[in-house]
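Residues per chain are reported as follows:
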Amino acid sequence: MSGAGTLLAKGAVKLFHGAKKDFKSFDSKYATETAFGKGFSFTPDKKVAESYAKITPFELKKLYGKKYLDAAIERKKEGEPLLYQVEANLKDNETLIVRKNFDNQNEQVQKKLKTLIEKENINIDDLDLDKPKFWRQILKATEKDADKLFSKYGIKGSIKDARGSSIKQVGGELEYTIYDPSIIKIINKTFLDKNKKNEGDKMKKTKRTKKAVGSVAQEAAKGADSLLQAAKDDVNEINRGPSE
């Protein structure tokens with residue numbers, strides 16, 4: 001699978017997803033329109049996922065066209081930012097490479113696409129399979145969403161591999177879109193703001209401890225001063241001799 005093959009060789013891929021919704025599993029009814037068809041976006045880059053979880057409406061305007069902007073803002077306007085760590089059971093022969101033309105796809109993926117084209121009654125002559133975005137033509141011809149259409153024919157996800165590109169990649173160099181959520185297993189989720197709060201609490205606790213230790217030290221110092229003064233008084237009393 002070109003540069004991405006080694007990433008998928010073992011089948012299970014460790015990925016991250018940033019969101020502002022707390023859920024126990026990825027449900028197809030919550031799939032959204034992404035740059036690579038309807039589904040769920042993931043990245044192997046933890047920092048990229050965290051930035052998506054915390055993204056602001058202003059930043060969203062830079063990423064989405066008018067058609068999808070309102071829906072994107074609606075998804076991100078409420079809730080605490082969360083980071084999901086998942087394992088996606090995604091294999092080479094189930095993965096569309098979105099920036100490669102038809103001939104550069106995995107052989108099994110090519111067969112699945114041919115079956116799709118035949119079963120969906122698409123005229124193959126109407127498709128420009130030499131273009132990297134030929135898959136968009138397929139979606140347009142069927143008027144179906146990527147998650148339903150591609151999953152039906154065994155294409156469970158896609159990958160954007162932009163490693164080596166001189167163009168800045170908004171979603172990171174590697175970006176996955178999962179069409180079939182049944183292959184996703186949530187391993188861990190982290191409330192990002194809560195972690196910051198905990199760190200703040202630890203800092204406050206440390207300050208309180210230092211303050212308490214400082215108070216004890218001050219009291220001890222006062223006690224030492226008192227003892228020293230008492231000792232001086234005793235010495236003075238001895239030097240003066242018995243009172244007349």
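Before any of the text, the structure's been laid out above.
The structure displayed is predicted, hence computed values, not measured ones. (Residues numbered from 1 in each chain as written. Predicted model: local features only at pLDDT ≥ 70, side-chain atom pairs only at ≥ 80, totals over all residues. Heavy atoms only, no water.)

> I'd like a rundown of the packing of aromatic side chains, residues and numbers included.
Taken as a whole, this structure holds seven aromatic pairs when the rule is applied. Relative to F26, the ring of F23 lies with its centre 4.9 Å away and its plane at 75 degrees, an arrangement referred to as edge-to-face. F23 gets classed as partly exposed once you look at its relative accessible area, which sits at 21%. In this structure F26 comes out as buried when scored by relative accessible area, which is 8%. Note on F150 and Y179: the rings are 5.4 Å apart at their centroids and 50 degrees apart in plane angle, and the pair reads as tilted. With F150 in helix α7 (residues 146-152) and Y179 in the loop between β7 (174-178) and β8 (184-191), this residue pair connects regions lying 29 residues apart in the sequence. (Phe/Tyr/Trp six-rings, centres within 6.5 Å; stacked < 30°, edge-to-face > 60°. Buried < 20%, exposed > 50% of the residue type's maximum accessible area, 1.4 Å probe, protein only. Helix = DSSP H or I, 4+ residues; strand = E, 2+ residues; numbered from the N terminus.)

> Give me unusual backbone geometry: which residues, what numbers.
Although it is not a glycine, N121 sits at a positive phi angle of roughly 60 degrees. Structurally, the position occupied by N121 is in the loop between α5 (107-119) and α6 (134-142). Exposure remark for N121: the relative accessible area of 71% places this residue in the exposed category.

> Tell me about the side chain of E94, and please be specific about residues and values.
If you trace the backbone, E94 turns up in the loop between β4 (82-89) and β5 (95-97). Discounting chain neighbours no more than four positions away, the residues touching E94 are N89, V109, K112, G154, I155, K156 and G157. (Contact = heavy atoms within 4.5 Å.)

> Describe the sheet that holds β8, with residues and values.
Taken together, the three strands give an open sheet; going across it, the order is β1-β4-β8, and neighbouring strands pair in antiparallel fashion. Taken across any chain shown, the strands that pair with only one partner, and hence form the sheet edges, are β1 (12-19) and β8. This sheet shows a mean twist of 20 degrees between the axes of neighbouring strands, independent of strand direction. Bridge analysis of β1 against β4 gives eight bridges, and the strand direction is antiparallel. Bridge pairing in β4 links L15 to V86. Across the sheet, helix α2 (residues 46-53) is in contact with β1 and β4; its angle to β1 comes to roughly 25 degrees. (Pairing = 2+ DSSP bridges. Axes fitted to C-alpha atoms, helices over the stretch in contact; angles between N-to-C directions.)

> Pulling in residues and values, what's your account of the sheet that holds β7?
Strand order in this open sheet of five strands is β2-β3-β7-β6-β5, and the pairing throughout is mixed. For this open sheet the edge positions go to β2 (32-34) and β5, each flanked by a neighbour on one side alone. Sheet twist, expressed as the average angle between the axes of neighbouring strands with direction ignored, equals 45 degrees. Here strand β3 (residues 37-42) runs beside β7; their pairing, made up of three bridges, is antiparallel. Bridged to F40 within β7 is I178.

> With reference to specific residues and values, describe the nonpolar core.
In terms of nonpolar packing, the biggest core is built from 21 residues, with L96, L113, F134, W135, I138 and F150 touching the most fellow members. Put simply, the parts of the chain that give this core at least two residues each are α5, α6 and α7. (Core = buried A, V, L, I, M, F, W, Y, C linked by side-chain atoms within 4.5 Å.)

> Give a description of the environment of A88 that names residues and reports values.
With respect to the helices and strands, A88 occurs in strand β4. For A88, a relative accessible area of 1% corresponds to the buried category. Each C-alpha atom, one on A88 and one on V13, is 5.1 Å from the other, the two residues being 75 residues apart in sequence.

> Hey, could you go over the pairing of β7 for me, with residue numbers and the actual values?
Burial within β7 is extensive, with five of its five residues counted as buried. Residues of β7 alternate between two faces, with L174, Y176 and I178 on one and E175 and T177 on the opposite face, all of them buried. Of the pairings in the sheet, the one linking strand β6 (residues 157-161) to β7 comprises five bridges and is antiparallel in character. Of the residues in β7, the one forming a bridge with S158 is T177.

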